[in-house]
Amino acid sequence: MRQFNRLTRSQLVTLSLAGLALAGTAAFLPAHRVHASTDTEAHETARAAYNQKTAATYNYRFGQQSPFLPSNATTDTGAFIDPKDFPTAAYCGHCHQESHAQWRQSVHSNSNRVPYYLRNVNLLAAEKGIAFTRHCEGCHDPIALVSGALTEKSPRTRPYDQDGVTCMVCHSIQKGDTRGTGSYVMGIPAVLMDENGQPIHRAVTDAEILAHLDRHSAAVMKPFYKTSEFCSSCHKAALPKSLNDYKWQRAISLYDEWQNASFAKESPLPFYKKDVVSTCQTCHMQREALAALPDPGAKKGQLVSHRWLGANTSIPQIYHFDEQAKRIVAFLQNAVFNVDLFAVQADAPDSKLSAPLGLVPFDLTAGQRVVVSVVIQNKGIAHSHVPEQRDMYESWVDFTVKNAAGKTLYESGAIQPKDRELDPAAHSFTNRLINKQGTTNALHQVWDNRVVAYNNTIQSGRSQLIRYGFTMPKNGGPVTVTATVRYRRFDQHFMDFGMSQPIGTHYNQPIVDMVSTSRTFVAGNNSVPPAVKPDPSAKPDINAPNPEWQRWNNYGIALLDAQQYAASVAAFQRVAALRADYADAPTNIAITYIAWEKYDEALPYLEKSLSLAKDNARALYYLALVQRNEGQVDEAIANLKRSPSPSLVPVTPIASSASATTSSIATRKPAPSTKPSSPSIPTTSPRTITSPSSIAASASKTKPPRKPPTSPTRKTTPPPAPTPSNTSASITRSRRSPCPGTSTISIAKAQTK
């Protein structure tokens, strides 16, 4: 690796203070005359020689004009870049100490050394050849890709692998697009510009950087680094035909999901609106107070986080990054979901639905079988949970019923103690991929994928409905029901494979309870609890219940997505009754009728919405759909053109009932004054809720043999074994068990303890 001149810490502190003081005062700058012309010529000669040497043995599997396929990445000239041109993260960390410390614990830093990734990418290399791993490594190890190291007879152990996506990977990208799968253009790294604005490719000293901080910033920062489009280069991916020998398939689409979510304010169609735009960086690179380590990148004592907090709970455990682990748990528990124990009813035909719980009284009897409706809202993520095709990620709902003594009577979503798999009937936010052999992909072999057979992920701003059934105790005692959204990084089968666990042993993963809600039921009358007067001095509860109208709205959204249209219309009618000024309520009714293919019934509700909020882009869009269906193409086009920019759509705060602009359209029919009768909630075949005593009996599945890849295999230093302090009790999912059925679930009686 190229050596960069180093200073002692005392020299650095002195020069830092001097450099900061002199940065804006040209008259006092030291006599450093920094030029790039000679350096550029020398560097071009060296790069040509490196390319000639590399090309002589490189496998141009996809053609000489496409050296980096199946990745979409390329370089500034299309030629290879010598890995020695990339300054190490330690070089950057000499000044940016806090950023370096945060980055070291991030997924970016460990993207290419963590054992489970190496096991997975080695499967691809063993099955199809190392050239195909460029599809993965373009984002997991960009230096290896652009340097031409991903070819036969290339060293399997490379010093830069330990840095993964290092500082100068991101800060050397010249441009990118939103195709994903590494759709960036990598330039030659430079940490300083000369006085003519040309990059300097030779090694530069700390003194030179500190004397020209403006030129340092110009070399390593670009405005598009602060955009979601920049992140989309890798946080969006496809499976091209060059990888799977089948056809182009979308793999993950976080950027597209963000665009369609309310967070981006680029679409008028989400069910809820945001006041301001949130980019990827808004959530994942929040400014935080500078910690103990110095960093000249901080502004007013605030540093943009380089932890990139997300949901990877495994890397902090594997490498004992305790601070990162703590931050991730807090991130996952920060108002990501709303869990609403929404309704209860007797498990009988035509039974009355008592909802929303906490606002209406209801009666239960001892020994009665009841059904509880739980609504899960994805309110805090700008993309799906879990992201598309992440078939080995695991998040689910754990539902328990406990008696007054705290004894668990029933549970859905329990971990099976023998093999640490998840209850196969748990409501899980997951996918299932089917491979070319017609079986389920068990180890994330996406290059063999043929179809997404099942997708129960929950999109941003949407809701899912789960119905759980159980029997009240015959002795008349009270029960407490609790619904919890839980998360762990991988299903147990994949994690055992990824961490090379011996057959019969299981890697202990951390599990996070993201949010939990409980209610107590008694035999007899369950009255409405007295209202609690809010304390104006108290800190706002980020997991506080939604207002009544929003609870009905989320219930209606969940029913709509479950294709239970009549019940969905009834739910949205309740919203309209609670908030007569809420223009989205009649629009939501219309959307349901459109999905139901009852276009005539949708039309008056769209007109009602437009009377409440003139030029409402959301209503105009769906009105255009109805008009197009009726052959009124010109009218549809006119309404689409009439829609304002999403950023100009009036915002209705979801916590208040702000009045909307009203206008009448005399030529259109008024909204109907009568409401459809509230239909009974459809019953489904019950989902079993398992008592703890029966969990072990269902845990005797036999796992298929795991065949380790033969060659080529990437070498890695085994990580330290997890300690009890940073592991949790057993957690798992049923490996190849059938997925949860629909987003509407019922539960059968289970054996009590």
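Residues numbered from 1 in each chain as written. Predicted model: local features only at pLDDT ≥ 70, side-chain atom pairs only at ≥ 80, totals over all residues. Heavy atoms only, no water.

Enquirer: Got a minute to help me understand the packing of aromatic side chains in this structure?
Expert: The description of an aromatic ring pair uses the distance of the two centres, along with the angle that the planes make with each other. Across all of its chains, the model carries 26 aromatic pairs by this definition. Clustering of aromatic rings is evident, with ring pairs tying together Tyr-116, Tyr-393, Phe-490, Phe-494 and Phe-497. Directly above the aromatic system of Trp-549 lies the positively charged group of Arg-579, at a separation of 4.5 Å from the ring centroid. Note that Arg-618 overlies the ring of Phe-271, its terminal NZ or CZ placed 4.9 Å from the centroid. (Phe/Tyr/Trp six-rings, centres within 6.5 Å; stacked < 30°, edge-to-face > 60°. Lys NZ or Arg CZ within 6 Å of the ring centre and 35° of its normal.)

Enquirer: Help me understand the pattern of salt bridges, please; the structure alone is not making it clear to me.
Expert: Two side chains of opposite charge can pair, provided their charged atoms sit close to one another. A full pass over the atoms with the stated rule returns 21 salt bridges. Connected via shared salt-bridge partners are Glu-288, Glu-323, Lys-326 and Arg-327. (Salt bridge = Lys/Arg side-chain N within 4 Å of Asp/Glu carboxyl O.)

Enquirer: What exactly am I supposed to notice about the state of the cysteines here?
Expert: Disulfide: a covalent bond connecting the sulfur atoms of a pair of cysteines. Scanning the entire structure with this criterion turns up one disulfide. What pairs with Cys-139 in a disulfide is Cys-234, and their sulfur atoms sit 2.1 Å apart. Judged by the sign of its S-S torsion, about -95°, the cystine formed by Cys-139 and Cys-234 is left-handed. Highlighted residues: Cys-139 in helix H6 (residues 134-140) and Cys-234 in the loop between helix H11 (228-232) and strand E4 (237-239), separated in sequence by 95 residues. Judged by its relative accessible area of 18%, Cys-139 is buried. By relative accessible area, Cys-234 is classed as partly exposed at 26%. For the unlinked cysteine Cys-95, the closest cysteine sulfur is that of Cys-92, found at 9.2 Å. This cysteine, Cys-283, is not joined by any disulfide, and Cys-280 carries the nearest cysteine sulfur, 8.4 Å off. Here Cys-283 falls in the partly exposed class, since its relative accessible area comes to 24%. (Disulfide = S-S within 2.5 Å. Helix = DSSP H or I, 4+ residues; strand = E, 2+ residues; numbered from the N terminus. Buried < 20%, exposed > 50% of the residue type's maximum accessible area, 1.4 Å probe, protein only.)

Enquirer: I'm lost on the confidence of the model for the chain in this one. Help?
Expert: Low-pLDDT stretches of the model should not have their predicted coordinates read in fine detail. Looking at the chain, pLDDT values average 84 and 80% of them are 70 or higher. In the model, residues 1-32 has pLDDT below 50 throughout and makes 46 contacts with residues more than four positions away in sequence or in other chains. This model gives residues 647-753 a pLDDT under 50, and the stretch forms 277 contacts once residues within four places in sequence are excluded. (pLDDT = per-residue confidence, 0-100. Contact = heavy atoms within 4.5 Å.)

Enquirer: Teacher, can you tell me more about the sheet that holds strand E8 (residues 337-346) here?
Expert: Each strand in a sheet pairs with its neighbour through backbone hydrogen bonds, running either in the same direction (parallel) or in the opposite one (antiparallel). Taken in spatial order, the three strands make up an open sheet running E8-E10-E16, and their pairing is antiparallel. Taken across any chain shown, the strands that pair with only one partner, and hence form the sheet edges, are E8 and strand E16 (463-471). Taking each pair of neighbouring strands and ignoring which way they run, the sheet shows an average axis angle of 20°. As paired strands, strand E10 (residues 369-378) and E16 are joined by nine bridges and run antiparallel to one another. Residue pairing in the sheet places Val-374 in a bridge with Ile-466 of E16. The strands touched by helix H18 (residues 548-561) are E8, E10 and E16; relative to E16, the strand with the most contacts, the crossing angle is about 95°. (Pairing = 2+ DSSP bridges. Axes fitted to C-alpha atoms, helices over the stretch in contact; angles between N-to-C directions.)

Enquirer: I'm lost on the nonpolar core in this one. Help?
Expert: Across soluble globular proteins, nonpolar side chains have a tendency to be buried as a group. Judged by nonpolar contacts, the single largest core of 70 residues is most densely connected at Tyr-116, Phe-337, Val-374, Ile-376, Phe-399, Phe-470 and Phe-521. Top contributing element to this core by residue count: helix H5 (residues 115-128), with six residues. Apart from the residues within four sequence positions on either side, Ile-376 is in contact with Phe-337, Asn-338, Val-339, Val-397, Phe-429, Ile-458, Arg-462, Ser-463, Gln-464, Ile-466 and Val-485. (Core = buried A, V, L, I, M, F, W, Y, C linked by side-chain atoms within 4.5 Å.)

Enquirer: Could you clarify how one ought to interpret the environment of Ser-172 in this entry?
Expert: Inspection of the secondary structure puts Ser-172 in the loop between helix H8 (167-170) and strand E2 (173-176). Separated by 14 residues in the primary sequence, Ser-172 and Met-186 have C-alpha atoms spaced 6.0 Å apart. If we ignore the near neighbours within four places in the chain, the residues touching Ser-172 are Val-185, Met-186, Gly-187, Pro-189 and Tyr-225. At a separation of 2.6 Å, a polar atom in the side chain of Ser-172 contacts the main-chain carbonyl oxygen of Met-168. (Polar contact = N/O pair within 3.5 Å; in protein donor to acceptor, adjacent residues only side chain to side chain.)

Enquirer: Would you explain the packing of helix H20 (residues 584-595) against helix H21 (residues 599-612) in this entry?
Expert: Two quantities define a packed helix pair, namely the angle between the axes and the distance from one axis to the other. Where H20 meets H21, the closest approach of the two axes is 8 Å, and the angle between their N-to-C directions is 160°. Viewed along their axes, H20 and H21 adopt a mutual orientation that is roughly antiparallel. In this structure, H20 crosses over H21, and the sense of that crossing is left-handed. On the side of H20, the interface is formed by Pro-586, Thr-587, Ile-589, Ala-590, Tyr-593 and Ile-594, while H21 contributes Tyr-599, Glu-601, Ala-602, Tyr-605, Leu-606, Lys-608, Ser-609 and Leu-612. (Parallel < 35°, antiparallel > 145°, perpendicular 65-115°, else oblique. Left-handed = near helix turned anticlockwise from the far one by under 90°.)

Enquirer: Mind showing me how you'd approach the sheet that holds strand E1 (residues 74-75) here?
Expert: Pairing is mixed in the open sheet, where three strands are placed in the order E1-E3-E2. The open sheet has two free edges, formed respectively by E1 and E2, since each of these has just one partner strand. Relative to strand E3 (residues 184-186), E1 runs parallel, the two being bridged by two bridges. Within E3, the residue paired with Thr-74 across the bridge is Val-185.

Enquirer: Explain the environment of Ala-619 to me, please; I cannot follow it from the model alone.
Expert: Position of Ala-619 among the secondary structure elements: in helix H22 (residues 617-629). Separated by 350 residues in sequence, Ala-619 and Leu-269 have C-alpha atoms that sit 8.8 Å apart. Excluding residues that lie within four positions of it along the chain, Ala-619 makes contacts with Thr-587, Leu-606, Ser-609 and Leu-610.

Enquirer: Please clarify how the side chain of His-306 should be interpreted in this entry.
Expert: Here His-306 is to be found in the loop between strand E7 (302-304) and helix H15 (314-318). Excluding residues within four positions of it along the chain, His-306 makes contact with Ser-99, Gln-102, Trp-103, Ser-106 and Met-285.

Enquirer: Would you explain the packing of H21 against H22 in this entry?
Expert: Taken N-terminus to C-terminus, the directions of H21 and H22 make an angle of 150°; their axes are 10 Å apart at the nearest point. One element, H21, and the other, H22, form an angle in the roughly antiparallel class. Judged by the twist between their axes, the crossing of H21 over H22 is left-handed. Facing Tyr-599, Ala-602, Leu-603, Leu-606, Glu-607, Ser-609 and Leu-610 of H21, the residues of H22 in contact are Ala-619, Leu-620, Tyr-622, Leu-623, Val-626 and Asn-629. A per-class count over the contact of H21 with H22 returns 10 nonpolar, two polar and one charged. (Nonpolar A, V, L, I, M, F, W, Y, C, P; charged D, E, K, R; others polar.)

Enquirer: Honestly, helix H10 (residues 213-220) in this entry has me stumped. Any pointers?
Expert: An α-helix turns once every 3.6 residues. As a result, residues three or four positions apart point the same way. Inspection of H10 places Arg-215, His-216, Ala-219 and Val-220 among the buried residues, and these make up the whole buried set. Projected onto a plane normal to the axis of H10, the buried residues spread over an arc of 120° and lie on a single side. Looking at the buried side of H10, the elements it contacts are H8 and helix H9 (206-211). (Arc of directions from axis to C-beta.)

Enquirer: Help me understand the side chain of Gln-324, please; the structure alone is not making it clear to me.
Expert: The topology assignment puts Gln-324 in helix H16 (residues 322-332). Excluding anything up to four places from it in sequence, Gln-324 contacts Gln-105, Ser-106, Arg-307, Leu-309 and Pro-316.

Enquirer: I'm lost on unusual backbone geometry in this one. Help?
Expert: With the exception of glycine, the majority of residues adopt a negative phi angle, and the majority of peptide bonds are in the trans configuration. With omega at -10°, the peptide bond leading from Ala-355 into Pro-356 counts as cis. Positionally, Pro-356 belongs in the loop between E8 and strand E9 (362-364). Across the junction of His-385 and Val-386, the peptide omega takes the value -10°, indicating a cis bond. Tracing the backbone through its elements, the reader meets Val-386 in the loop between E10 and strand E11 (394-403). You will see that Lys-153, though not glycine, has its phi angle at about 65°, which is positive.

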